[in-house]
Each structure stands twice: as structure tokens, then as C-alpha cells.
Amino acid sequence: MEKGVAYDNDMNLKATELRLGLPGTDESQKEYSSFVKSNKRSSEEMDSSCNEEECAPAPKALVVGWPPVRSYRKNVLQQQQKKSDSDVSGMYVKVSMDGAPYLRKIDIKVYKNYPDLLIALENMFKCSMGVYSEREGYNGSEYAPTYEDKDGDWMLVGDVPWDMFVTSCKRLRIMKGSEAKGLGCQ
Amino acid sequence: MRSFQSMLNYFPEEVLEHVFDFLTSHRDRNAVSLVCKSWYTVERFSREKVFIGNCYAISPERLISRFPRVRSLTLKGKPHFADFNLVPHDWGGYVQPWIESMAKGGVNLEELRLKRMLVSDESLELLANFFPNFKSLVLVSCEGFTTDGLAAIASNCRFLRELDLQEIEVEDRRGQWLSCFPDSCTSLVSLNFACLKGEVNLASLERLVARCRNLRSLRVNHAVPIDALQRILMQAPQLVDLGTGSFGQDPDSDSYNKLETAMQQCTSITSLSGFLEVVTARCLPAVYPICRHLTSLNLSYAAGIYSDELVKLIRHCNKLERLLVLDTIGDKGLGVVASTCKELQELRVFPSDIHGGNAAVTEEGLVAISAGCPKLNSILYFCQQMTNAALIMVAKNCPNFIRFRLATLNPTIPDAVTMQPLDEGFGAIVKSCKGLKRLSVSGLLTDQLFLYIGIYAEQLEMLSIAFAGDSDKGMFYVLNGCKKLKKLEIRDSPFGDVALLEDMGKYETMRSLWMSSCEVTLGACKTLAQKMPRLNVEIINDSDQMEASDDDKQRVEKMYLYRTLVGPRKDAPDFVWTL
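Keep in mind that this is a model prediction, so the values were computed, not measured.

Focus: the overall build of chain B
1) Next: Counting its secondary structure elements, chain B contains 21 helices and 21 strands.
2) Next: Here chain B has a C-alpha radius of gyration of 25 Å; the compact-globule value for 579 residues is 25 Å, and the two agree.
3) Next: Seen along its three principal axes, the alpha-carbon backbone of chain B occupies a region of about 70 × 65 × 60 Å.
4) Next: Looking at the 579 residues of chain B, the share that counts as buried comes to 59%.
5) Next: About 22,800 Å² of surface is accessible on chain B, with carbon and sulfur atoms providing 51% of the total.
6) Next: For chain B, the centre of its 64 positive side-chain charges and the centre of its 69 negative side-chain charges are spaced 7 Å apart.

Next up, the structure:
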């Protein structure tokens, strides 16, 4: 069973060398890749081949038993990740904007919160949606974001907690401010 | 002085026994039994709790003959690195011979605590049927049994108080083990089955909780949904420790209100864990009322709680002494912990993504915690990067560390700012923390760090080394300097024969030494085994890397040696050679 690959720490073989890093990463990644057999390297070598910006954290290398996490915990984590990856409702959703000739699609899982999403939408459609307020919605803005939820109803973006929004949003529609007035007011 | 000693000699044994009753720690009792023959005798007949840190250091028969009145036994089996898949499953550590001997020997066993041992259904059945007063079973990181074994325990242990399963993969036989607790069972004080993957009969669980009025600790598994949890809590408002199970789904407002009410009833809860499958953060506010009483909070399996919700929760927990979280909390989140949890003593931050994604924490979080939590004495920290400056600051802020374990996701990463080895940082930790008992180091490290450890880590008992050091000197510094060292485990480091053989007597003062992927050769291991008959030197040859062709120069992939009074073990599988 392979526990790690032995590398030759000779710089000349760089071109043909198998590396564990992402393509395009530089030689500083080599230090991590070559740790298994060349523990006797001196600190001078370290300095010369590793400059500050580029000695990035590890690539996705797989060493048996590192990081030292109990296998029970590892298994549970993997299962949890699988579950969240397969949580399909609310990943790629269609986004339409009133007056635009065609729709777009975005992956709402990429965003961490409402401001992130709104900024992305504003950039994508070159519109302004302003700031959300619970009472007024997006009143006063040119456009307002709305979404269709699991029940088929059109809701104003921002009312429910972010996590809930992500799991219940089926599609987005950026409505003209004038039309959205009805949604925002009490 | 002499007359005092003779006075003590005239004390009847019952008096000595009564005095020894106050000694609960096994170390104290061990010390006492070394004083003189009569003390040894009185002590051994009065000892009820026995701790055996390595199940192969002694035999069950000798245990029973020395401590015939033993009622509580703690056993540890596999070496620590077995947790990280470095030891094959069937290496050993069977509990069966212990249970058989105790059953034969008429031991009145009441309590059994096992760690990293192989436990079969047969063992559990024996346990359940041969020890009528059996009260407490605690299994940590064990394997080899199914829910059938649990059913045997539930059915037959009439006075069972504690059943505690931690981080175990139990094969689910769908036999409804929980329903095997008879209606007459009302003695449960602690029930922890959070790690079980299978379903449980919810109605049985609710009835069990209802009739066990002394239940203090309950940790359920993912198969218990929120509405069942709420009903259980209404039956057990006296709970002190709760594991919530999945805490998933998105309940309607009626269920949520019921949950809130149930939680408000539980005014005694000081320890909380679970949240195994949180789907939405909407239910979390239900636990806010109990947060202010919490001293222990384990969210390390709550992958579904995102950073901002996590932080909101923690802001309510200002009495926390123990916190376990995932690194999704981030450095900022740790800053909130630092300003909220002033009583914090123990912190564990686990990686949420084994491959080191964006969620990881850095040295900033650690520094913040050290600055805000002066009582911190135990830490396990998985991080993206570290710096010497940060570690030096941590050492200055927190001189009281007893356990300090750091794991960088890249095991040989240097100081993130200076690119230097992390020797000075860890060196500061050992210099400053005079009471340090356990240390795990990682990152780019040279022999210099081990020199520091040898000089300063006077109380160190356990040291874990991975991908570190330059030469045999490193290992030598540690073995020579750390007088109280009990367990040394080393992987992927350039330590070899010279270091191994330098001071062979040292290993008899220690519990065990593990070395894997180092530079140790077969010949040196043989020499050691030959010169030290009271050590078992085991070579684990699980990938057929070694031939029995006795090339003494070949490197040994995995070596585990430990002191023992009973010679080579007889249950070693084929791939384990005892030299």
C-alpha cells in the first residue's frame, strides 16, 4: 500500500516530476510533496525554494493517517459532505429579469449570505436593487429580487434565514421596482 | 521518624484499609503499595478500581490474583496511532480473555471501561450473563460487536446504570436492541448511543426515559427526530447532559414551540452535544435558554451549522469550560469565543474538510483564544498554518497548558510568515508550560525543537511526532531529557538505530514506543528485543513489505514496543512478529 511517493529533491528533474500539487503551482509546492523521503534537507534549501507568497498551504495530497483524525470522525464527515452535496433543491437556479432577452443560471450554494447574492445579481444584470428592509422590502430601488419557493409562491428575497432560502428557492426573478411595490408594503 | 513507622505498623489492617479508601487515583495506590510488604498486602486487597494502560503489559490471571476484589477495570488495547489507520484491525487488544478469566475467577465486576479494544458480541454476552452486579460499560473507539451484543447487555444487566458508546462503528442488526431493556429496568443514569447508525424504537426509548427517574445523561443518535426529542425532554427535565441527535428537519411552528417549552424545562443541562444533521438554523434558538448554564458544548459533528449561527449560539454560552467545534467557526468565531467564554479550559477545533479547504482556522484564532481565556489548559487545534510569533504569544498568555496538541493540515509547513521551522514557537510552549503532560507537534521542525523538549518538558508524559527532525539526535534529546515520558509515538521521521539503541533501559520506564516510517532496521529491533527480555518488540508487517529472509539491514515499516511482565503475547496475528 502506497503511503506516499518518494521524490528526488533534485531541481533538474522538475520538468518530468510527478507532483501532488495542482497544475500550475510552482516549485514551492514541492517541499510538501517531497517531505516523505527528504527529511534531512537543510533550512537553507527551505528558504531558497519557498518565497512568501507562493508557499501556499498544502494541495489535496493524501497521506495515510494525516491529518490525525479518528476514522470514525472521518467517516461521519464524509457522509455529511455527501449528503450536503446531493442536496439538490436550490443549487443551480434560473434567474430572469424583467425586460431581459434571456435568462441566466446561478449556483446559489456558492454564496454565503444575502449581500453576497445581491451583489452578484447586480453585477450580472447591471441593475441596482438597493438594501433590504423588513418593512419596506426593496422600496425605492429600481429592481427587487424575488424567488419562487417550494410551494410555488413568489416571495421577496431576504425575509427568511439564508439557509432556509437556499433549500427552498426554485428560481429567481428580478422584478421591476414599480411592480414590486405590492410585495414590499404592509 | 522510626517510632512513627512502628506506630503505623501496629495499626490494624482495617485502619490502613480505611485510610487507603481515600486514595482514589491509581497512581497514589501504586505508590502506597511500594512502601512496605504490609502496605502492599492491605492495598491489594482493598483496591477496587484497576487501571491497565496496556492490556498486554499484564495478564488477566495476574490481575485477579493480585487484586481479587477488583470491581472496576479500565483497559486500553491498540496503540494510539491505530486511530489513524496505521494499525490493522486485527492487530489485537481482545477483551474476551479478560472477561473469561474474571468470570472464572469469581470477580464481582461492576464496571468495565475499554479503549481501542476488540469487543465481540460473545464478550458482551459473557459480560451480561456472568456478572450479576454489572453496572457500567464505557466503550471508546472499540470495534467488533453488533447491536446483538448491546441487546444482550440491555436484556440481562438488571442493575445497569451506564451504557456509554463513544465514536464506535457498530454493525446494525436491526434487532431493536433498545427495546430489550425490560420494563423492570429503572436504574439507568447514563445512556449514550449517539454514534449508532441504525434505527431505534422511539416508543421504547420514550418509555425507558420515562421510567428511569435517575437518568442524568442521555445522548441519542441521528435516528431520533426533533419531535421525539421534545417528548423525551418533557419526561426527563432532570437531565444534566444531553446529546440531541439529528436536530434536523425544519419543524412547523407548533413543533418548534413545543421544543422551546421542553428545553426551558431542562434547567439542569450543563453539557450539550449532537446536532448531527442540522438542515436549517431555525431550531437553534430553542437551545439558547440552556446555553447560559452550559459548561460543556460539543458541536464537532454539527457540519450543518454555519459560522454565523455557530457564533450566535456561542455568544449565549458564557460559562463554557469545554468547547469542541469544527474549523468552520473561523478565526473570527474564535475571537467571539475568546470574548465570551472566560471560563474556558479546554478547546478542540477539528477540520471540517480533511483536505484543507477554505474553512480552516489559522494562528490568529489560537492567539485570540489564548489572550481571552486565561484558564485554558488543554487544546487540540487543527489549522491551516502557524507562526512562531503566534506560538510564543500563546505560551506567554497561557502558561498553564497540560495538553497542547497542534496539527497543521500540511504536516511540514513552515512558519507562514518567516518560512522558518516552528522550533522556536513550540520551544516557547514547553519552556513556559511547566506542567505540560501531553504534546503533539507538527509543521516544519528540526532537531532543535527536540533539544528544547528534552531540556524543558520535565513533566511530559506523552509526545507525538510526525514528519519532524533531522537526525538521531532529535530522538535522543527526548529520550534522554524527558524523565517522566510514558508514551512516545513517532511517524515519518529520520530517527534510526543509533537513537533506538542508545538507552535501552529507558523503555522499561515507559509504557510504549511506536515508530513507523522511520529509519530503524530489523537488526536493531532484534538487538533490542534480545537485550531487553521485559520488552515486547513487535514488527507489524501488514503490507508484506518484509520478508522473513532476515535481512537485518532492511528498514522496519512499523515497530511497536512496550514493557510487559508476561512475555510475548499469544494472540498475535501472522503479520505481527514479536522479536
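Remarks on the overall build of chain A
1) Next: Across its full length, chain A holds six helices and five strands.
2) Next: The order of helices and strands in chain A, counted from the N terminus, is α-α-α-β-β-α-β-β-α-β-α.
3) Next: Taking all 186 residues of chain A together, 42% fall into the buried category.
4) Next: Of the contacts formed within chain A by residues at least 6 apart in sequence, a portion of 50% connects residues at least 24 apart.
5) Next: Summed over its atoms, the accessible surface of chain A is roughly 10,800 Å², and 52% of this surface lies on carbon and sulfur atoms.

Focus on the packing of helix α15 (residues 363-372) of chain B against helix α16 (residues 388-397) of chain B
All names here are of chain B.
1) Next: Packing of α15 against α16 leaves a shortest axis separation of 9 Å and a crossing angle of 15°. Considering their axes alone, α15 and α16 lie roughly parallel with respect to each other. At the point where α15 passes α16, the crossing takes the left-handed sense. Taken together, the residues of α16 that come into contact with α15 (itself represented by Glu363, Leu366, Val367, Ser370 and Ala371) are Ala390, Leu391, Met393, Val394 and Asn397.
2) Next: Of the residues belonging to the contact of α15 with α16, the class tally is seven nonpolar, two polar and one charged.

A word on the nonpolar core
1) Next: Counting 187 residues, the largest nonpolar core has B:Phe247, B:Phe404, B:Ile453 and B:Leu500 as the members making the most contacts within it.
2) Next: Not counting residues within four places of it along the chain, the set of residues in contact with B:Ile453 comprises B:Val430, B:Leu439, B:Leu460, B:Leu463, B:Val478 and B:Cys482.
3) Next: Within the second largest apolar cluster, 25 residues are counted, among which are A:Leu118, A:Leu121, A:Tyr147 and A:Phe165.

What about the confidence of the model for chain A?
1) Next: Per-residue confidence for chain A gives a mean pLDDT of 69; residues scoring 70 or more make up 59%.
2) Next: Within the model, pLDDT remains below 50 along residues 1-11 of chain A, and this stretch shows 31 contacts once partners closer than five positions in the same chain are excluded.

Some words on unusual backbone geometry
For residues that are not glycine, phi is negative in most cases, and the peptide bond is trans in most cases.
1) Next: In this model, A:Trp66 is joined to A:Pro67 through a cis peptide bond whose omega is -5°.
2) Next: As for its position among the elements, A:Pro67 is in the loop between α2 (43-49) and α3 (71-85).
3) Next: One non-glycine residue, B:Asn85, adopts positive backbone phi at about 65°.
4) Next: Along the chain, B:Asn85 falls in the loop between β2 (72-76) and α6 (96-104).
5) Next: According to the relative accessible area criterion, B:Asn85 is partly exposed, its value standing at 41%.
6) Next: At B:Phe275, a position not held by glycine, the phi torsion is positive, near 55°.
7) Next: In this structure, B:Phe275 sits in the loop between β9 (271-273) and α12 (288-291).

Re the pairing of strand β12 (residues 346-350) of chain B
Residue and element names in this part refer to chain B.
1) Next: Here β12 lies mainly inside the structure; four of its five residues are buried.
2) Next: Summarising the sheet, strand β11 (residues 322-326) and β12 pair through five bridges and their orientation is parallel. Across the sheet, Leu323 pairs through a bridge with Leu347, a residue of β12.

Regarding the environment of B:Ile58
All names here are of chain B.
1) Next: Along the chain, Ile58 falls in the loop between β1 (49-52) and α5 (60-66).
2) Next: On a C-alpha basis, the gap between Ile58 and Arg569 in space is 10.0 Å, while along the polypeptide they are 511 residues apart.
3) Next: The contacts of Ile58, once residues within four sequence positions are left out, are Ile52, Trp98, Thr564, Leu565 and Val566.

Side note on the UniProt feature "domain: F-box" (unreviewed entry) in chain B
1) Next: According to UniProt, the positions carrying the feature "domain: F-box" (unreviewed entry) are residues 11-52 of chain B.
2) Next: The straight-line gap between the two end C-alpha atoms of residues 11-52 of chain B is 30 Å; of that span, 60% is helix and 10% is strand.

Some thoughts on a negative patch on the surface
1) Next: Together, B:Glu13, B:Glu14, B:Glu17 and B:Asp21 give the surface a local cluster of negative charge.
2) Next: Topologically, B:Asp21 is positioned in the loop between α2 (13-20) and α3 (26-32).

A look at the packing of aromatic side chains
Residues and elements named next belong to chain B.
1) Next: For the coordinates displayed, the defined rule picks out 22 aromatic pairs over all chains.
2) Next: Between Trp514 and Tyr560 the ring centres are 6.1 Å apart and the planes differ by 55°, which places this aromatic pair in the tilted class. Placement of the pair is Trp514 in strand β18 (residues 512-516) and Tyr560 in strand β20 (residues 558-563), with a sequence separation of 46 residues.
3) Next: On the accessibility criterion, Tyr560 (5% relative accessible area) is buried.
4) Next: Put simply, the rings of Tyr56, Phe81, Phe84, Trp91, Trp514, Tyr560 and Tyr562 pair up and form one aromatic cluster.
5) Next: Sitting above the plane of the Trp91 ring, Arg569 keeps its charged end 4.3 Å from the centroid.

Thresholds, definitions, all that
Each chain carries its own residue numbering, running from 1 in the written order of its sequence. The lettering of chains begins at A and the numbering of ligands begins at 1, in the order of writing. It should be noted that, the model being predicted, local features are given only for residues of pLDDT at least 70 and side-chain atom pairs only at 80 or more, the latter also being counted only at that level, while totals for whole chains, interfaces and linings use all residues. With hydrogens and water stripped out, all remaining heavy atoms of the structure feed into the side-chain values. What counts as a helix is a DSSP run of H or I of at least four residues, what counts as a strand is a run of E of at least two, and both are numbered from the N terminus. Only the C-alpha atoms count toward the radius of gyration. The rule for a globule is 2.2 Å times the residue count to the power 0.38. When accessible area is computed with a 1.4 Å probe and restricted to protein chains, residues below 20% of their type maximum are described as buried, those above 50% as exposed, and intermediate ones as partly exposed. For accessible areas, the Shrake-Rupley method is used with a probe of radius 1.4 Å. Any residue's cover is judged against the shown protein chains and nothing else. Charge assignment: positive for Lys and Arg, negative for Asp and Glu; neither His nor the chain ends contribute. Charge placement uses NZ in Lys and CZ in Arg. For Asp and Glu, CG and CD serve respectively. In what follows, residue pairs with any heavy atoms lying within 4.5 Å of each other are defined as contacts. To get an axis, fit a line to the C-alpha atoms, keeping to the stretch in contact for a helix; angles then go from 0 to 180 degrees between the N-to-C directions. Reported orientations rely on four angle classes, namely roughly parallel under 35 degrees, roughly antiparallel over 145, roughly perpendicular from 65 to 115, and oblique for the rest. What makes a crossing left-handed is the near helix being turned counterclockwise from the far one by less than a right angle; a clockwise turn instead makes it right-handed. Side-chain classes follow a simple rule in which Ala, Val, Leu, Ile, Met, Phe, Trp, Tyr, Cys and Pro form the nonpolar group, Asp, Glu, Lys and Arg form the charged group, and the remainder, Gly included, forms the polar group. The definition of a nonpolar core used throughout is a set of buried Ala, Val, Leu, Ile, Met, Phe, Trp, Tyr and Cys residues joined through side-chain atoms within 4.5 Å. Every residue gets a pLDDT, meaning the predictor's confidence in that residue, from 0 to 100. When DSSP finds two or more bridges between a pair of strands, those strands are recorded as paired. UniProt positions are given in the numbering used here, feature names are shortened, and annotations may be inferred rather than shown by experiment. Nonpolar side chains (Val, Leu, Ile, Met, Phe, Trp, Tyr) within 5 Å and like charges within 9 Å form the patches, drawn only from residues with over 30% relative accessible area and no salt bridge. When a carboxyl oxygen of Asp or Glu is within 4 Å of a side-chain nitrogen of Lys or Arg, the pair counts as a salt bridge. Only rings of Phe, Tyr and Trp enter the pairing, Trp through its six-membered ring, and a pair is recorded when the two centres are within 6.5 Å. The plane angle decides the type: under 30 degrees is stacked, over 60 is edge-to-face, the rest tilted. By the criterion adopted, a ring carries a charge over it if an Arg CZ or a Lys NZ lies within 6 Å of its centre and within 35 degrees of its normal.

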